[in-house]
Amino acid sequence: MEDSQTGPTAVPSRRPPAADPPVDDADLAPPGRERLVRLAYRFCWDHHDAEDLIHDALIAAEQKRAQLEDQRKWAPWLYRIVIQRCLLHRRKTAVRRRHLVGIAATRIRSGADRQPATRIETRELGEILKTLLAELTERQRTAIVLRHLENMDYRAIAAVMQIAESTARVHVRAARESLRRMILERYPEWAGAHDK
Amino acid sequence: MTSRHTDNVRCQDARDLIHDRIDGVAEASAIEALDAHVDICADCRRYADQMRALNDAFDQLRRESEIPQAPAAPWYGRLARIAAAVLIAAGAGWYLIRSRPSDDRAPVVRIAHSPVEPTQAVQPPRGASPMPVASVELTGKSASSFVAMPRESGHPRVHVYILYPVSQAAVARGDS
């Protein structure tokens, strides 16, 4: 591998990931119920399931709150409980989901909902992402949902996932890469969709 | 990927920068170099376009997955709900008042004196002997509005009284 950082138009050196400063969990504001329901929905894509998940998660969290040594960690701890339950729910419903994913993929492929305009393409891609997110590893899925759907910064993601910020970046980038690759494998036409 | 173009930018670095740009952490000079690179590198241009499309799709998905807030009810809607609540409360109150046993409507009848002891064995009197009669007293707010009039029961332990309103007591007494 050549070193290409010396030319006149070389990419300014990307700062090497320095040792992450410790993430202060107190920075993360405690989420309200509505936000948690929205988060759960973005994992399971079903409003009723999301409501049920949050109902159970909040009860469990309150029951175990006394066990939390540092109450400042309540917010990331609550997020973790919700995410764990969402991932568990996904595992339990994997069979049903695979069936629904198949139907959704068929619908998308058949072009039944296709309408003119680029915006529809983006919307279709969103529907495809919904199904493909379920196929990521749990860490990648959690990281990319928090980054792109919950709009969290990497510091917050790191606090929720109890990992370093640099690791959170790695998970998000790996998730983007995986999604891109999966889309190209299943929708080869997407490869040329952006050629000018 | 190690391919290098005339701009001396490695494709792998360019792709890292594409992610940085999506995350909003790329420096201005880096973006400038990246743009120059993707102008001459078709692979990285396609990669950048695909990542941008992914990012746009996530933005769209985020907007669509916001849980819609229930629209605020108009003032007349709130007024209608309040009126309905008042009507329901009033109806329920009226029903409870009507169905509640009230000592305003009938006095309480209590035996004041019985001619027969509870443990005493008694037989119905024979012939024309008068039946012993217990005396009763009425209590409650409406006690003064009623009169308890005895009736023949046929057994010394059974006392039958009929409550008449005071206004009809004379008529009832005349009938008896």
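1. Regarding the environment of Val172 of chain A
Residue and element names in this part refer to chain A.
Okay, so step 1: As for its placement among the helices and strands, Val172 is situated in helix α8 (residues 165-186).
Okay, so step 2: Classification of Val172 by C-beta neighbours within 10 Å gives buried; the count is 23.
Okay, so step 3: It is 8.9 Å that separates the C-alpha atoms of Val172 and Val145, two residues lying 27 residues apart in sequence.
Okay, so step 4: In this view, Val172 contacts Ala143, Ile144 and Arg147; residues no more than four positions away in its chain are not counted.

2. Considering the confidence of the model for chain B
Okay, so step 1: Residue-level pLDDT values for chain B average 78, and 76% of them are 70 or greater.
Okay, so step 2: If you check the scores for this complex, the pTM reads 0.59 and the ipTM reads 0.74.

3. Some details on the pairing of strand β4 (residues 160-165) of chain B
Residues and elements named next belong to chain B.
Okay, so step 1: Of all six residues that make up β4, zero are buried, and the element is exposed over most of its length.
Okay, so step 2: Here strand β3 (residues 146-151) pairs with β4 via six bridges, running antiparallel. Paired with Pro150 across the two strands is Tyr161, which belongs to β4.

4. Observations regarding the confidence of the model for chain A
Residue and element names in this part refer to chain A.
Okay, so step 1: Of the residues in chain A, 70% have a pLDDT of 70 or more, and the chain-wide mean is 78.
Okay, so step 2: Mean pLDDT in chain A bottoms out at helix α4 (residues 94-110), which sits at 55, and peaks at helix α6 (residues 138-149), which reaches 95.
Okay, so step 3: Counted against residues more than four places away or in other chains, residues 1-13, with its pLDDT under 50, gives 31 contacts.

Thresholds applied
- Residues numbered from 1 in each chain as written.
- Chains lettered and ligands numbered in written order.
- Predicted model: local features only at pLDDT ≥ 70, side-chain atom pairs only at ≥ 80, totals over all residues.
- Helix = DSSP H or I, 4+ residues; strand = E, 2+ residues; numbered from the N terminus.
- Buried ≥ 20, exposed ≤ 12 C-beta atoms within 10 Å, placed from the backbone.
- Contact = placed C-beta atoms within 7 Å.
- pLDDT = per-residue confidence, 0-100.
- Pairing = 2+ DSSP bridges.

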